[in-house]
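# Examining the three-dimensional arrangement
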Amino acid sequence: MMDEDGATEVNTPKHAQITTANFPIPSSGHLQQVAPGIFWLRMPLPFKLDHINLYLLEDGDGWTVIDCGLHNTETLALWQQIEDQCFAGKPVNRVIATHAHVDHLGAAGALCQRWQAPLWISQGEFDSASSYLNPQHKQAKYPGFFMPLGINQEKAESLSKLGTGLAKLFAPLPEQVRYLQDQEEIAIGQYRWQILLAEGHCAAHAVLYCAEAKILISGDQVLPGISSNVSVRIDEPEGNPLHHWLEAIDRLLQLDKETLVLPAHERPFSGLHARLMQLKCEHHDTLELLTTQCSEAKNVFQLLNVVYQRELSPFDIILASGECLAHLHYLLDKQQMRKTVDEQGHYLFQTV
Ligand SMILES: [Zn+2]
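Residues numbered from 1 in each chain as written. Predicted model: local features only at pLDDT ≥ 70, side-chain atom pairs only at ≥ 80, totals over all residues. Heavy atoms only, no water.

## Concerning the packing of helix H9 (residues 272-293) against helix H10 (residues 300-308)
Helix packing geometry: the angle between the two helix axes and the distance between the axes. Heads up, the condition is: Only the stretch in contact is used when fitting a helix axis, every axis being a line fitted to C-alpha atoms; angles between N-to-C directions are given from 0 to 180 degrees. Strands here mean DSSP runs of E at least two residues long; helices mean DSSP runs of H or I at least four residues long; both are numbered from the N terminus. Each angle is binned into one of four classes, with values under 35 degrees roughly parallel, values over 145 roughly antiparallel, values of 65 to 115 roughly perpendicular, and all other values oblique. For a crossing to be left-handed, the near helix must be turned anticlockwise from the far one by less than a right angle; the clockwise case is right-handed. The contact rule is simple, with two residues in contact once any of their heavy atoms fall within 4.5 Å. Think of it as three bins: nonpolar holds Ala, Val, Leu, Ile, Met, Phe, Trp, Tyr, Cys and Pro, charged holds Asp, Glu, Lys and Arg, and polar takes everything else, Gly as well.
At their nearest, the axes of H9 and H10 sit 11 Å apart, and the two run at 130 degrees to each other. By the criterion of interaxial angle, the relationship of H9 to H10 is oblique. Crossing handedness for the pair H9 and H10: right-handed. Residues Thr286, Leu289, Leu290 and Gln293 of H9 pack against Leu303, Val306 and Val307 of H10. Looking at the contact of H9 with H10 residue by residue, the class counts come to five nonpolar, two polar and no charged.

## Here's the deal with the packing of aromatic side chains
Two aromatic rings are characterised by how far apart their centres lie and by the angle between their planes. The condition that has to hold: Any Phe, Tyr or Trp ring, taking Trp's six-membered ring, that has another such ring centre within 6.5 Å forms a pair; planes under 30 degrees apart are called stacked, those over 60 apart edge-to-face, and the others tilted. Only protein chains enter the accessibility calculation, which uses a 1.4 Å probe. A residue is then buried if its area is under 20% of the maximum for its type, exposed if over 50%, and partly exposed in between. Charge over a ring is defined by NZ of Lys or CZ of Arg lying within 6 Å of the ring centre and within 35 degrees of the ring normal.
Tallying each qualifying case throughout the model produces seven aromatic pairs. Relative to Trp63, the ring of Phe39 lies with its centre 6.0 Å away and its plane at 70 degrees, an arrangement referred to as edge-to-face. Pair noted here: Phe39 is in strand S3 (residues 38-44) and Trp63 is in strand S5 (residues 62-66), with a separation of 24 residues, a long-range link. Each of the two residues, Phe39 as well as Trp63, counts as buried. Where Phe145 meets Phe146, the ring centres are 5.1 Å apart and the plane angle is 85 degrees; that geometry is what we call edge-to-face. Taken as a pair, Phe145 and Phe146 share a single burial class, namely buried. Taken together through their ring pairs, the aromatic side chains of Phe39, Trp63, Phe87 and Trp115 make up a single cluster. Above the plane of the ring of Trp115 lies Arg114, whose end atom (NZ or CZ) is 4.0 Å from the centre. In this structure, Arg178 packs its charged tip against the face of Trp120, placed 4.2 Å from the ring centre.

## Section: the state of the cysteines
Rule in force here: By disulfide we mean two sulfur atoms from cysteines, separated by a distance within 2.5 Å.
For the structure on display, the rule yields zero disulfides. As a non-bridged cysteine, Cys68 has Cys112 as the owner of its nearest cysteine sulfur, 6.9 Å distant. Taking relative accessible area as the criterion, Cys68 reaches 0% and is therefore assigned buried.

## Observations concerning the coordination of the zinc ion
Heads up, the rule is: As a rule, N, O and S atoms within 2.8 Å of a metal are its donors, except that Na, K and Ca use 3.2 Å; water is not among the atoms, so sites may look incomplete. Irregular is the default label, applied whenever a site is not tetrahedral (four donors, all angles between 85 and 135 degrees) and neither square planar nor octahedral (four or six donors, opposite donors over 155 degrees apart, all other angles between 65 and 115).
Surrounding the zinc ion are the protein donor atoms His99 (NE2), His101 (ND1), His201 (NE2) and Asp220 (OD), at 2.1 to 2.3 Å. The site at the zinc ion holds four donor atoms, and with the angles between them running 88 to 174 degrees, its shape is irregular. The class for His101 is partly exposed, based on a relative accessible area of 31%. Accessibility expressed as a relative area gives 12% for His201, which makes it buried.

## Observations regarding unusual backbone geometry
A positive phi is found at Ala88, a non-glycine position, where the angle reads about 55 degrees. You can see Ala88 is positioned in the loop between helix H1 (73-86) and strand S6 (92-96). Its identity as a non-glycine residue notwithstanding, Glu266 has a phi of 65 degrees, on the positive side. Inspection of the secondary structure puts Glu266 in the loop between strand S13 (260-263) and strand S14 (269-270). Of the residues examined, Glu266 reaches a relative accessible area of 22% and is grouped as partly exposed.

## Overview of H1
An α-helical turn contains 3.6 residues, so a residue and the one three or four places further along point in the same direction. Note the cut-off: In a helix, the anticipated span is given by 1.5 Å times the number of residues less one. Directions from the helix axis toward the C-beta atoms define the arc.
For H1, spanning 14 residues, the distance from its first C-alpha to its last is 19 Å, which sits close to the expected 20 Å at 1.5 Å a residue. What H1 keeps buried is the set Thr75, Leu78, Trp79, Ile82, Glu83 and Cys86. One side of H1 holds all its buried residues, which, seen down the axis, span an arc of 145 degrees. Exposed and facing more than 90 degrees away from the buried side of H1 are Thr73, Asp84 and Gln85. Next to the buried residues of H1 lie S3, strand S4 (51-59), S5 and helix H3 (108-115).

## Examining the sheet that holds strand S11 (residues 205-210)
Rules: Two strands form a pair only when DSSP identifies at least two bridges running between them.
If you trace the seven strands from one edge of the open sheet to the other, you get S1-S14-S13-S12-S11-S10-S9, paired in mixed fashion. Bordering the open sheet on either side are strand S1 (19-20) and strand S9 (185-188), each of which pairs with just one other strand. Sheet analysis places S9 next to strand S10 (residues 191-198), joined by four bridges and oriented antiparallel. Its bridge partner lying in S10, Glu185 is registered against Gln194.

Geometric values such as these leave the question of function open.
Structure, rendered in structure tokens:
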């Protein structure tokens, strides 16, 4: 997927100008200032991706928290340490979640309760979280989603257990929230931030952009090294998330080239445009690969071996099959792919 030979529709930057910012990585429970009144902190994650970056913004007489970490003992203890050592006696005024994935939203309910603070989140993400945390509702949908991709019922059911296993890392959600709107401007301390909502990595991911300071708090929408997962979601099995994701890249390309990006994983960096163009190239490479591979009809699980070319863990299979399907749906909508159903009920994709 990183092979640049396949990219024809976009210009691959040969020497992408992505520069890691010079700030030292904050140790657990400590803050690193990245701009006046903007602090970077990290929380551990017990996954292959072992950390998340959160941001704490001075907000008048208190603080605004952006993303929260998991709802587990370790993260809550670190929040307590930060409260004791860094908050200077000031409260959290509000908690903003860029999106509803567990590493971002998990502890939000606990922080909101501790501070009697509102949660600001897009409606799409709040609805996704509410639906995810209703396991009966969700689990029932998994086998029906995965079986047509080319696996047997037993395997589909084992994936469904994995897919719902993260619910315990969420604190109960607040009952009332403030919905973030696309294009709205919000003031936090000395900065004015424009909210941009984008579909693709999830239903409605929010990023915060300050044009004056040229700072983008990007969540998972733009990461310097990792390519965020873009998957067809179980709630919308016919969706075309890659279309929305590529559209969001084009919107983000309108932001200032000199922007400092504060991502939710890895390290702050500059080189926003170069990174966006790289991401675009990767997706176009995958589209091209699938177009070639589907000269003979194949189901999604047959395609996973070709696209990913490595041993996939069961959790990787969930992400990879959703992402492979996202690329196939993009080609379907462009009428460059045809979908049929074989006698076992598996979807077959073939290049037109
Ligand atoms: Zn995410």
